[in-house]
Amino acid sequence: MSEEKAAPREDADPGADPEAGPALTRRQLTALVVARAASSAGFFAVLPYLGLWLTDDRGLSGAAAGLVVGGSILANRAGGALLVPLIHRLGLKTSVGAGYLGAVAVFAVLGLGLTLSTYGWLVLAALVGLCLAMATTAMKAQVAAFPADQRLRGFGYLNMAVNAGSAVGPVIGGQLLEWHADRLPLSAALLDLVALAVVPALPGAWGASGRTGAAAPASATRGRRVPGRRFVAFTVLVCGTWVAYAQVFDVLPAYLGDAVGARDLGLVFTLNAVLVVALQVPVSALSRRLLDGPRAGFGPLCLAANAVLGLAVVLFALGRSAGLGLIVAAMVLFTLSELVWSPLYDTRVGEHRGELSTTAAYALAGVAWGTAESAGAWLGTLLVVHRSGQDAPTGTAALPYWGGAALALLTGLALSRGGRVSSERPRGGQEGNVHDVDVSART
């Protein structure tokens, strides 16, 4: 593809970051999508089946396999925060390449047919999580380096790529588990090798010298490392959305139980991935126009997205008695909300980072939101499993869905109160951009 650059905005904000990088090119955008989709497919080709593979092929007990799977997920969630100093030292583009290279190597070792103890498998699984967390965190920081009117587009494409990979990966893993289970980790190694091959086309320069425009100044990185109030307030508020999200992606199969067959439920989740791939680009374009509109902005968009999310969660709560049709409608609404809030939140992290580097900001946000999702999944599963035969939507089993819907709506309301469009230029140049909002302490 040609490297056609997006035309510069005529109404560019003079308060925007003067060091922001050049516009996102088609070649760079293609590389971002391919790398993220391939690595996501590799991760999801193995993760859903890792416990089964370890017990059936490697002879581990159920408890030991659960420990290994949990360790990999934890490392993937928290790894970005742990590796921030290393990412700063290597540079963003080099960190993406190093992360994918490490994932290829570890998945290849997993596929060698070794006989290891539980802790040996745990170390390898945790290394996979750390390597992929390193690549993902650095890639988000790369996208955050682009001008404000390009960031939402970039994060929208990343969201599309993740969903495409998470849809294709389990299909690949399921087939291999049935045909050649011993080759399961090698499939992930090959997919991460594809991601590694396109790293040279990603934005930025190799090495730490290729500092992006969105990265914090060296003095700020070496000095204050504590997140600012704006960043903390925004990150904590958004946790409500992730708790609601967990009730759909982590709790729904247990909640629906025998009401919906596993095959039909799998198709419902496939619908989510297909809709994200098909609609993410036009929805992101619409979101950018609404962000620039005189009566819209970040706050109203977040309120609308979370209200739709809350409605979807309520419909899921009713789905156990209403049937598959309502569940499909709920998934469509859920996906439409995700198409808006997911890239919006990622974009906002970079704008609210204060004196944190973009790498540290995305790593810390990932840990906080991953923790919120995990806590929501744990509590939701606990209530669903102990539903004592009560019927939805009045029984204990539906409580996580009513609570998740309420949290989503409260999150949207809280963000909308701090998200009205400013009629003035931003007073500070560090975080200024074309989507700034007028609040005393931006959340």
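All values reported here derive from a predicted model rather than from experimental measurement.

The next thing to look at is the environment of D149. With respect to the element layout, D149 can be found in helix α6 (residues 148-179). Between the C-alpha atom of D149 and that of D292, which follows or precedes it by 143 residues, the distance is 9.4 Å.

Running from N to C, helix α4 (residues 92-110) and helix α5 (residues 118-144) cross one another at 155°; their axes reach a closest spacing of 8 Å. Classified by the angle their axes make, α4 and α5 are roughly antiparallel. In the packing of α4 onto α5, the handedness of the crossing is left-handed. Of the residues that constitute the contact of α4 with α5, the class distribution is 20 nonpolar, four polar and one charged.

With that settled, consider the packing of aromatic side chains. With the rule as written, the count across this model stands at 17 aromatic pairs. Note on W341 and Y345: the rings are 5.6 Å apart at their centroids and 40° apart in plane angle, and the pair reads as tilted. One end of the pair, W341, and the other, Y345, are both in helix α13 (residues 324-351), four residues apart, so they sit about a helical turn from each other. A residue is classified by how much of its surface remains accessible, and W341, at 0% relative accessible area, is buried. Residue classification places Y345 among the buried positions, given a relative accessible area of 1%.

Once that is clear, we can look at α13. An α-helical turn contains 3.6 residues, so a residue and the one three or four places further along point in the same direction. For α13, which comprises 28 residues, the first-to-last C-alpha distance of 41 Å matches the rise-based estimate of 40 Å (1.5 Å per residue) to within 8%. Of all the bends in α13, the greatest, near 30°, is centred on E338. Among the 28 residues that make up α13, 20 are buried, leaving the element largely enclosed by the rest of the structure.

This part is about the confidence of the model for the chain. Confidence in the prediction of the chain, expressed as mean pLDDT, is 78, and 82% of residues score 70 or more. Low pLDDT, under 50, characterises residues 1-20; the stretch is placed with 41 contacts to residues that sit more than four places away or in other chains. Taken as a whole, residues 210-224 scores under 50 in pLDDT and shows 27 contacts with residues more than four places along the chain or in a different chain.

The next point concerns the nonpolar core. Ranked by size, the top nonpolar core spans 112 residues in total, and within it Y100, Y255, F316, Y345 and W369 carry the most contacts. Here this core takes 14 residues from α5, the largest share from any one element. With sequence-adjacent residues up to four places away left out, Y345 is seen in contact with F234, V238, T241, F298, C302, N306, W369, T411 and L415.

The next subject is the side chain of S40. Of note, S40 is situated in helix α1 (residues 26-56). Setting aside anything within four residues of it in sequence, one finds S40 in contact with A161, V162, G165 and S166.

A separate point is the packing of helix α12 (residues 298-322) against helix α15 (residues 399-417). Running from N to C, α12 and α15 cross one another at 175°; their axes reach a closest spacing of 7 Å. As far as their axial angle goes, α15 and α12 are roughly antiparallel. Listed contacts from α15 to F298, G299, C302, L303, N306, A307, L309, G310, V313, V314, F316 and A317 of α12 are Y401, W402, G404, A405, A408, L409, T411, G412, L413, L415 and S416. In terms of residue class, the contact of α12 with α15 is made up of 16 nonpolar, seven polar and no charged.

Basis of the calculations
Residue positions are given per chain, counting from 1 as you read along its sequence in written order. pLDDT decides what is reported in this predicted model: residues at 70 or higher carry local features, side-chain atom pairs at 80 or more are listed and counted, and totals for whole chains, interfaces and linings draw on all residues regardless. With hydrogens and water set aside, each side-chain value is computed from the structure's full complement of heavy atoms. Here a helix means four or more residues in a row that DSSP labels H or I, a strand means two or more in a row labelled E, and each is numbered from the N terminus. To obtain an axis, a line is fitted to C-alpha atoms, over the contacting stretch when the element is a helix, and the angle between two such axes runs from 0 to 180 degrees between their N-to-C directions. Comment on the angle field: the value is read as roughly parallel under 35 degrees, roughly antiparallel over 145, roughly perpendicular from 65 to 115, and oblique elsewhere. A crossing counts as left-handed when the near helix is turned anticlockwise from the far one by less than a right angle, and as right-handed when that turn is clockwise. Any residue that is not Ala, Val, Leu, Ile, Met, Phe, Trp, Tyr, Cys, Pro, Asp, Glu, Lys or Arg is counted as polar, Gly included; the first ten are nonpolar and the last four charged. Stacked, tilted and edge-to-face are the three classes applied to pairs of Phe, Tyr and Trp rings, where Trp contributes its six-membered ring and a pair requires centres within 6.5 Å; stacked means planes under 30 degrees apart, edge-to-face means over 60, and tilted covers the rest. Exposed residues in this analysis have more than 50% of their type's maximum accessible area, buried residues have under 20%, and partly exposed residues fall in between, with area computed by a 1.4 Å probe over protein chains only. Between the first and last residue of a helix there are one fewer steps than residues, each counted as 1.5 Å, and that sum is the expected span. By definition, a residue's bend is the angle between the axes fitted to the seven residues ending there and the seven starting there. By definition, pLDDT measures how confident the predictor is in each residue, and it falls between 0 and 100. Every residue pair with non-hydrogen atoms within 4.5 Å of one another is taken to be in contact. The nonpolar core is taken to be a set of buried Ala, Val, Leu, Ile, Met, Phe, Trp, Tyr and Cys residues, with the residues joined through side-chain atoms within 4.5 Å.

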